[in-house]
Amino acid sequence: MERGTQPLHAWLPAFALKLLVFGAFAFVLFQATVGLGEQTLGANRVWVILAGLVGLLLLLGVDRLSGIKVSPGGLEATLTEAKARALKEAGALEDPDLAEALEAQILRAENRDQVETAMELANELNVVRAVGRIKDAIRQKRKCYVRYRADPQGPVETYHVAPLDIKPGKTPLSKANDYLWVHSYEHERVISLRLGRVLGVELSEETFDPAEVMKDWQEEDPEWNVPRSW
């Protein structure tokens, strides 16, 4: 993308940093060569060479520095590192077409914001597809295999579950997010999975008995968000 088509905040910081480094380099070089003549060239040559090397190193480091974003938590990853992390997450998606489209967008991204935007869009599409399968499973009383990543930096886990509903959390903090409420056969109880971290849902041919999996459900007459005939 040409500089003229980029927003000012996208190119001005890097340009200003390069201008500042170039100005400092020129000043140091000028000071090192002031008064040089045929008599003093040999004695001051070492300082001229050192000033040139320092300036060269600074100019080479500008692109690296301008690719780093400062945050309250410290220096964030460069664009290359952000792409590598995003590509790893894309590879974990269940839908191969969605994963391929996301990988293409990540590779074309020119800055971290574009990488994050692609990830957010892919996550939304993935959630929509997962919700559709979950609703089918609830209506048909079908067990599911849910691929889930509780922590963005953690491993992907697969749970064998009986899906019960999709609704917000029960605490003031968790009410801002939707959760998949399921009976987990690994945990032998009802658990909640944050919907935005569900990577894939696969329906099983097995069915479940609602009365059996809802033994520890706290509401006697629950109001379901997902309609069903049971």
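Only a predicted model underlies this, so the values are computations on that prediction, with no experimental measurement involved.

S.K.: Please clarify how the sheet that holds strand E3 (residues 142-148) should be interpreted in this entry.
M.R.: Strand order in the open sheet formed by five strands is E6-E5-E4-E3-E7, with antiparallel pairing between adjacent strands. The sheet is open, and its two edges are formed by strand E6 (189-194) and strand E7 (198-207), each paired on a single side. Across the sheet, the mean angle from the axis of one strand to that of its neighbour is 45°, orientation sign disregarded. Of the strand pairs in this sheet, E3 and E7 are connected by six bridges, and their pairing is antiparallel. The partner of Tyr 148 across the bridge, within E7, is Val 198. Seen against the sheet, helix H5 (residues 112-140) touches E3, strand E4 (157-168), strand E5 (178-184) and E7 and runs at an angle of roughly 20° to E7.

S.K.: Honestly, the packing of aromatic side chains in this entry has me stumped. Any pointers?
M.R.: In this description, an aromatic ring pair is defined by two values, namely the gap between the centres and the angle between the planes. Under the definition given, this model contains three aromatic pairs. Note on Tyr 148 and Tyr 159: the rings are 6.3 Å apart at their centroids and 40° apart in plane angle, and the pair reads as tilted. Taken together, the residues span a long stretch of sequence, with Tyr 148 in strand E3 and Tyr 159 in strand E4 at a distance of 11 residues. In this pair, the class of Tyr 148 matches that of Tyr 159, namely buried. Summarising the aromatic geometry, the rings of Trp 224 and Trp 230 are spaced 6.0 Å apart at their centres and angled 55° between planes, so their arrangement reads as tilted.

Rules and cut-offs
- Residues numbered from 1 in each chain as written.
- Predicted model: local features only at pLDDT ≥ 70, side-chain atom pairs only at ≥ 80, totals over all residues.
- Heavy atoms only, no water.
- Pairing = 2+ DSSP bridges.
- Helix = DSSP H or I, 4+ residues; strand = E, 2+ residues; numbered from the N terminus.
- Axes fitted to C-alpha atoms, helices over the stretch in contact; angles between N-to-C directions.
- Contact = heavy atoms within 4.5 Å.
- Phe/Tyr/Trp six-rings, centres within 6.5 Å; stacked < 30°, edge-to-face > 60°.
- Buried < 20%, exposed > 50% of the residue type's maximum accessible area, 1.4 Å probe, protein only.

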